[in-house]
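# Reading the structure
One letter stands for each residue in the lines below.
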Amino acid sequence: MMSGNCGGIELRATGLMVLALALALAATSARADDSEVQRGPVPDWVVPSDLMPVPDGASGMLFVRGQDIVAHLDDRGQAQYLGYRMRILHPNALQLGNISIAWNPASGPPVVHMINVHRDGATIDVLKNAAFEILRREDQLEAAMLDGVLTAVLRVPDLRVGDELEVALTTRSNDPTLAKNDSGLLFLLPSPQPGRFRLGLSWDDGQKPNIRMTPDMAAVVKEGRHSIDFLFDNPATLTPAKDAPARYQWRRMVEYSDFADWAAVSRHFAPLYAKASLLPDGSPLKAEARRIAAAYPRPLDRAAAALKLVQQDVRYIYVGLGDGNLTPAHADETWQRRYGDCKGKTALLLGLLTELGIEAEVVVANNQGTDDGFDERLPNPGLFDHVLVRARIDGKQYWLDGTMPPGATPSLDPVIDYRWVLPLSARGSGLEKREWRPARRPDEISLYEIDARAGFDAPARVTNTTITRGIAGLQQHAQLSGLSKDQLLTGMRQQIVGSTWRTVDEVKLRYDEKAAASVLTVIGSWEVDWEKDGASRSLALPGGGFNPPEKRIRPADHDQDLPFANTPEFSCSVTTLRFPSTTGPANWTYKSGFDTRIFGQNYYRAFDIRDGSIRMVRGFRVDSKEIDAASARRDNGRIAAFDNSKGWIFYEPLGESVPSQARKPVPATYDIDWTADDVPCLSPAAVSRAAAR
């Protein structure tokens, strides 16, 4: 059910992912005992397509005379056939002679039907004098994965430019967790090489799945009684619509699934977690639950303690051996070995929460940010790659992810902003849409306190603090918290001392669980780059400027009416400069602030002078994840008037400036707690506009 390593979070794909130029197919797990490459005839459900003549003057790396990729469904699961014959036109294409097959031996052995080299009218049987070498090793250990996959490699000898390489092989996938339910995708790559490509799906009697295809595939499909086929000669390069949301990028795709709906997927997998999370009498996890209950009277604190136990005391390793590809390990097993993947960690956490009397459920999600449009897809477990827990505590829903670092506590929103999730339940739950809204708190705040009271020509004492939330904050703290104070200080000195930083005297790191943020503070001195004009001075404050937004336009051959996507972001820079003690407020002015909304993005900057300092705040937030084409065209015409000036401040020794009555009070870096939820990084008007949406 779920695929890919998500930085400590994952489930492996079961559906066939067919690539138009793939040279290896990876199978999912099932029960068998074959770990050698076998030879055999081409399956009777495959009828190779006719070869395409190589045109005169063919150029490029290679020409595909024919490539067949066919998925076949029978009572044993799925079989995947790959056959191709390619003319090598360039030395760089000789790497095609490095043939690799990856498979899980539990699914049965790969069968190689032929490997031939055609040269000058003669056919050379490569397998007559060469054999595959089986690499019996875990090639994903560096990614904390134990999947049992084997790799067979063969290097075709004496392959030359002008040769035609012919390969045909079949692999199988059959995961008992799925029972008789198959699902997957067929698709042609956006930029295939020139030549002939055939995609196919076939099935035995009684095995026909539900099928859905994009309009470009429906236009060329050939339907048989037990098959569908798609033939492409010199397929055009597909260019995705520029900046369109992900749901519009599905092109040349065929989906197939035996699941009737998403509720069927939910019902199918829910019992696996119910069984894996059940704690029997005598389970050591019952003692852990009792310890947590005794130490924490509040349910939310108990949930946080259980989550921290799973995050901190069970290290992440993906386990796909045997049936573990889709089936979670039992909670006691994961606790005993003290490692597990997202499936095992989720079952362990679910067991603890149940023992603590906390209502919780398992939810599957997609960690790759590609879940836009999942409601338009056939029910396919392979679209999801992660599983976590959602608990109901004190009338609210909290998300708990056992694969995150210990700083990730139960939260009202998951750390990753999912668009669609699927709860697993015995009755069967449908897809749930999570409505997007602008971020309440900045993802990152950069605070600069520059103490220039010693004068224009003296180094300034500087305190720079970054407050980082989300995945980036968790990663920063996980990477740096293992360093000693001396290592952290030395490393920071090596990294930033140079043109701006003169010294780095102190570095502090902490993780604020309440703020869900990593807080890194660097204290040292700067050579302040004052610009001189006689006795006058000016300075562009760090973090004060904006780059103008780019026009949102598409090439003429793209759909001009599709919406444009924005990448969610909320950043804030706050700078306080304590000006030289020989100067006064009347000597200082600053560049005007602004509050602009364009392309669904809010740009804000404000200045203030008081208490011997100049204060500046600059905020940027995406308020709309998508903007319609008409709004984009309108805003294209506003770019010329966009103020992209830097955050300049000016000193005039004879100046007599008067504070503007319209200025907005701006807090200094030391005036408020900038890790709080309600920091003034946007104007009140911008906050009101977003709240009204």
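What you see is a predicted model; the values in this text were computed from it and never measured.

### Observations concerning the overall build of the protein chain
- Helix and strand counts for the protein chain come out as ten helices and 39 strands.
- C-alpha extents for the protein chain along the principal axes are approximately 90 × 75 × 50 Å.
- By residue count, 54% of the 693 residues in the protein chain fall in the buried class.
- If you take every contact in the protein chain between residues at least 6 apart in sequence, the share linking residues at least 24 apart comes to 75%.
- Roughly 31000 Å² of accessible area belongs to the protein chain as shown, and the carbon and sulfur atoms make up 49% of that amount.

### A word on the nonpolar core
- Counting residues in hydrophobic clusters, the biggest one holds 42 residues, and the most contacted among them are Ile-115, Phe-132, Leu-154, Val-156 and Leu-201.
- The biggest single contributor to this core is strand β3 (residues 62-74), with five residues.
- If sequence neighbours within four positions are ignored, Ile-115 has contacts with Ile-99, Ile-124, Asp-125, Val-126, Leu-127, Phe-132, Leu-154, Val-156, Leu-165, Glu-166 and Val-167.

### Some remarks on the state of the cysteines
- Tallied over the entire structure, the rule returns one disulfide.
- Between the sulfur atoms of Cys-572 and its disulfide mate Cys-681 the distance is 2.1 Å. In this structure the cystine formed by Cys-572 and Cys-681 twists about its S-S bond by roughly -85 degrees; its chirality is therefore left-handed. Here Cys-572 is found in strand β33 (residues 570-578), whereas its partner Cys-681 is found in the loop between β39 (647-651) and α10 (684-692), with 109 residues between them in sequence.
- Of the residues examined, Cys-572 reaches a relative accessible area of 3% and is grouped as buried.

### A few points about unusual backbone geometry
- The phi dihedral of Asp-394 falls on the positive side, at around 50 degrees, and the residue is not glycine.
- Here Asp-394 is to be found in the loop between β22 (386-393) and β23 (396-400).
- Taking the relative accessible area as the measure of exposure, Asp-394 reaches 60% and is therefore exposed.
- In this model, Ala-516 sits at a positive phi of 50 degrees, which is unusual for a non-glycine residue.
- Mapped onto the fold, Ala-516 is located in the loop between β28 (501-512) and β29 (517-526).

### Quick look at the packing of helix α3 (residues 284-295) against helix α4 (residues 299-313)
- Direction vectors running N to C along α3 and α4 enclose 140 degrees, while the axes themselves pass 9 Å from each other. If you check the angle between α3 and α4, you find them oblique. Crossing hand, α3 versus α4: right-handed. Here α3 contributes Glu-288, Arg-291, Ile-292 and Ala-293 to the contact with α4, which in turn contributes Arg-302, Ala-305, Ala-306 and Leu-309.

### Brief notes about the sheet that holds strand β24 (residues 420-424)
- Judged by pairing direction, the sheet is antiparallel, and its five strands sit side by side in the order β23-β22-β21-β24-β25 without closing on themselves. Each edge of the open sheet carries a strand with a single partner, namely β23 and β25 (432-433).
- Where helix α2 (residues 262-277) meets the sheet, its contacts fall on β21 (359-365), β22 and β24, and the angle it forms with β24 comes to roughly 50 degrees.

### Side note on the pattern of salt bridges
- All told, the structure shown has 43 salt bridges when counted by the stated rule.
- The partner of Arg-453 in a salt bridge is Asp-451, with the nearest N and O atoms 2.7 Å apart.
- Residue Arg-610 pairs with Asp-608 through a salt bridge whose shortest N-O separation is 2.8 Å.
- Accessibility expressed as a relative area gives 28% for Arg-610, which makes it partly exposed.
- It is possible to trace a salt-bridge network through shared partners that takes in Asp-413, Asp-417, Arg-419, Arg-434 and Arg-437.

### Concerning the packing of aromatic side chains
- One pass over the structure, following the stated rule, counts 16 aromatic pairs.
- Arranged with centres 5.0 Å apart and planes meeting at 50 degrees, the rings of Phe-456 and Tyr-651 form a pair that is tilted. One end of the pair, Phe-456, is in the loop between β26 (444-451) and β27 (460-469); the other, Tyr-651, is in strand β39, with 195 residues separating them in the sequence.
- Residue classification places Tyr-651 among the buried positions, given a relative accessible area of 10%.

### So, the pairing of strand β35 (residues 594-598)
- As paired elements, β35 and strand β36 (residues 601-610) share five bridges and run antiparallel to each other. For Phe-594, the partnering residue across the bridge sits in β36 and is Arg-605.

### Topic: the side chain of Gln-311
- By the secondary structure assignment, Gln-311 is in helix α4.
- Taking relative accessible area as the criterion, Gln-311 reaches 8% and is therefore assigned buried.

### What about helix α7 (residues 470-480)?
- Those residues of α7 lying buried are Gly-473, Leu-474 and Gln-476. Along α7, the residues classed as buried sweep out an arc of 160 degrees about the axis, all on the same side.
- Each element contacted by the buried residues of α7 is listed here: β27, β28 and β29.

### Section: the pairing of β27
- Of all ten residues making up β27, eight are buried, and the element is well covered by its neighbours.
- Here β26 pairs with β27 via eight bridges, running antiparallel. Looking at the pairing, Tyr-448 lines up with Asn-464 of β27.

### Things to note about the environment of Gln-249
- As for its position among the elements, Gln-249 is in the loop between β16 (227-233) and β17 (253-257).
- Relative accessible area serves as the criterion here: at 26%, Gln-249 is assigned to the partly exposed category.
- Sequence separation between Gln-249 and Gly-373 is 124 residues; the distance between their C-alpha atoms is 9.9 Å.
- In contact with Gln-249, other than residues within four places in its own chain, are Pro-240, Ala-241 and Ala-244.
- A distance of 3.1 Å separates the side chain of Gln-249 from the backbone oxygen of Ala-244, its partner in a polar contact.

### A word on the side chain of Thr-675
- With respect to the secondary-structure elements, Thr-675 resides in the loop between β39 and α10.
- We classify Thr-675 as buried; its relative accessible area is 8%.

### A short note on the sheet that holds strand β31 (residues 536-541)
- Pairing is antiparallel across the open sheet formed by four strands, whose spatial order is β30-β31-β39-β34. Among the strands making up the open sheet, the edge pair consists of β30 (531-533) and β34 (588-590). Averaged over neighbouring strand pairs, the angle between their axes works out to 20 degrees when direction is ignored.

### Digging into the confidence of the model for the protein chain
- Overall, the predicted model of the protein chain reaches an average pLDDT of 89, with 90% of residues at or above 70.
- Within the model, the stretch residues 3-34 combines pLDDT values under 50 with 145 contacts to residues more than four positions away or in other chains.
- Ignoring residues within four places in sequence, the model shows residues 138-144, a span with pLDDT below 50, making 13 contacts including any to other chains.

### Some thoughts on the environment of Lys-485
- Along the chain, the position of Lys-485 falls in helix α8 (residues 485-496).
- Remark: the alpha-carbon pair of Lys-485 and Val-507, spanning 22 residues in sequence, is separated by 7.7 Å.

Each value, and the rule that gives it
- Residues numbered from 1 in each chain as written.
- Predicted model: local features only at pLDDT ≥ 70, side-chain atom pairs only at ≥ 80, totals over all residues.
- Heavy atoms only, no water.
- Helix = DSSP H or I, 4+ residues; strand = E, 2+ residues; numbered from the N terminus.
- Buried < 20%, exposed > 50% of the residue type's maximum accessible area, 1.4 Å probe, protein only.
- Contact = heavy atoms within 4.5 Å.
- Areas by Shrake-Rupley, 256 points an atom, 1.4 Å probe, with all protein chains shown as cover.
- Core = buried A, V, L, I, M, F, W, Y, C linked by side-chain atoms within 4.5 Å.
- Disulfide = S-S within 2.5 Å.
- Axes fitted to C-alpha atoms, helices over the stretch in contact; angles between N-to-C directions.
- Parallel < 35°, antiparallel > 145°, perpendicular 65-115°, else oblique.
- Left-handed = near helix turned anticlockwise from the far one by under 90°.
- Pairing = 2+ DSSP bridges.
- Salt bridge = Lys/Arg side-chain N within 4 Å of Asp/Glu carboxyl O.
- Phe/Tyr/Trp six-rings, centres within 6.5 Å; stacked < 30°, edge-to-face > 60°.
- Arc of directions from axis to C-beta.
- Polar contact = N/O pair within 3.5 Å; in protein donor to acceptor, adjacent residues only side chain to side chain.
- pLDDT = per-residue confidence, 0-100.

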